[in-house]
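Chain by chain, the residues:
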Amino acid sequence: MKHGGALWVPDVPMLRDEPLAKYTAARIGGAADWLYIARGAESSATDALIRVITAAWREGLPVRVLGGGANVLVSDAGVRGLVIIDRIAQMTISGGAVTVSGGYGLTVLAHRLAGAGLSGFEWAVSVPGTVGGAVVNNAGAHQRDMAANVRQVRLIDADSGEYTMTLDALAYGYRISSLKARADRRFLVLSADLVFAHDDPAAIQARMDQHIAYRKRTQPPGASLGSIFKNPPGDYAGRLIEACGLKGVAIGGAQVSPVHANFFINRGGAATAGEYDALIRHVQHRVHAQTGVLLEPEIERVGEWPEET
């Protein structure tokens, strides 16, 4: 599998020592040992993706799937092993049932469904990321989430091969699933079977326009990680952070957004992952000290990080 000093799968191009900043929503991250970008709408694209990930697992290499690069903080030291960017865009519609690939972008999917007169995914019109990541994290907005639409998910697993998980097996909760709870991460979401209701496309578009306007009004533009913390029961992380006087606080290039306190922005594109991580811990500590609430991160640290002291 190793060929000429690089990870090698026949007829599949890969990048070596590729910086990940341009592949993440926050524009932050060191280099991956190997990077594979899966793209296309044909079945051959999925076949190539399966060949790459199974070959890496067979060789004992760690594998990380980034999808759209949202909700992850990639270390400045980078990621060892293989990183996969899944951008495979496949979709079939039959009545209100939709099968969509894990690499399909959420925003694009929301518009496609609206055009087909399928309602129930309007919430995702301004949400970064892909179907695969949304399935794992139970992504959501505007009081809706993936759990309302998912019926089953097709996966490939390092130990079990390809198989299907039902909605019950996914054990969805607020921004959590049985997949997200897995420490090994030795799986990949290939596709998801979703279900939607029929509605007038104009009415669906009107609701999406409202969501887009709300996002522009309440969330900062530019590079960010998305929501940093989960909302604690009965409250909002952004309200708690603002109440503690932390809006606008910065460490290096990472800043608590002056627009929405649960968004941390990459000022001028100059922030490092270390600065982001330090700001997250600072805000978490201050909020806990002043309110007694320990905020739980919604984002995930990826890659090599120094030992905590």
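Refer to the preceding data block for the structure.
Residues numbered from 1 in each chain as written. Predicted model: local features only at pLDDT ≥ 70, side-chain atom pairs only at ≥ 80, totals over all residues. Heavy atoms only, no water.

**Considering the sheet that holds strand β18 (residues 250-251)**
Strands sit in the order β17-β20-β19-β18 across an open sheet of four strands; the sheet is antiparallel. With partners counted over all chains shown, the strands left at the sheet margins are β17 (224-227) and β18, one partner each. Here two bridges tie β17 to strand β20 (residues 263-266), and the two strands are oriented antiparallel to one another. Among the inter-strand pairings, S224 is bridged to a residue of β20, identified as I265. (Pairing = 2+ DSSP bridges. Helix = DSSP H or I, 4+ residues; strand = E, 2+ residues; numbered from the N terminus.)

**Quick look at the side chain of R185**
Among the structural elements, R185 can be located in the loop between α4 (167-170) and β15 (187-195). Overall, the relative accessible area of 19% leaves R185 in the buried class. Of note is the side chain of R185, whose polar atom sits 3.2 Å from the side chain of E300. Leave out the neighbours within four places in its chain, and R185 touches V63, R64, V136, K180 and E300. (Buried < 20%, exposed > 50% of the residue type's maximum accessible area, 1.4 Å probe, protein only. Polar contact = N/O pair within 3.5 Å; in protein donor to acceptor, adjacent residues only side chain to side chain. Contact = heavy atoms within 4.5 Å.)

**A look at the pairing of strand β9 (residues 97-101)**
In the sheet, strand β8 (residues 91-94) pairs with β9 via four bridges, with the strands oriented antiparallel. When the bridges of β9 are listed, I93 appears paired with V98. Pairing analysis gives five bridges linking β9 to β15, with the strands arranged antiparallel. Directly across from T99, in β15, lies its bridge partner D193.

**What to know about the side chain of D277**
As for its position among the elements, D277 is in helix α7 (residues 273-291). If we skip the residues at most four places from it in the chain, D277 touches L73, R301 and W305.

**So, the sheet that holds strand β4 (residues 31-40)**
Strand order in this open sheet of four strands is β3-β4-β7-β5, and the pairing throughout is mixed. Lying at the two open borders of the sheet, with one neighbouring strand each, are β3 (15-19) and β5 (63-65). The average angle at which neighbouring strand axes cross in this sheet is 45 degrees, direction not considered. The pairing of β3 with β4 spans four bridges and is classified as antiparallel. (Axes fitted to C-alpha atoms, helices over the stretch in contact; angles between N-to-C directions.)

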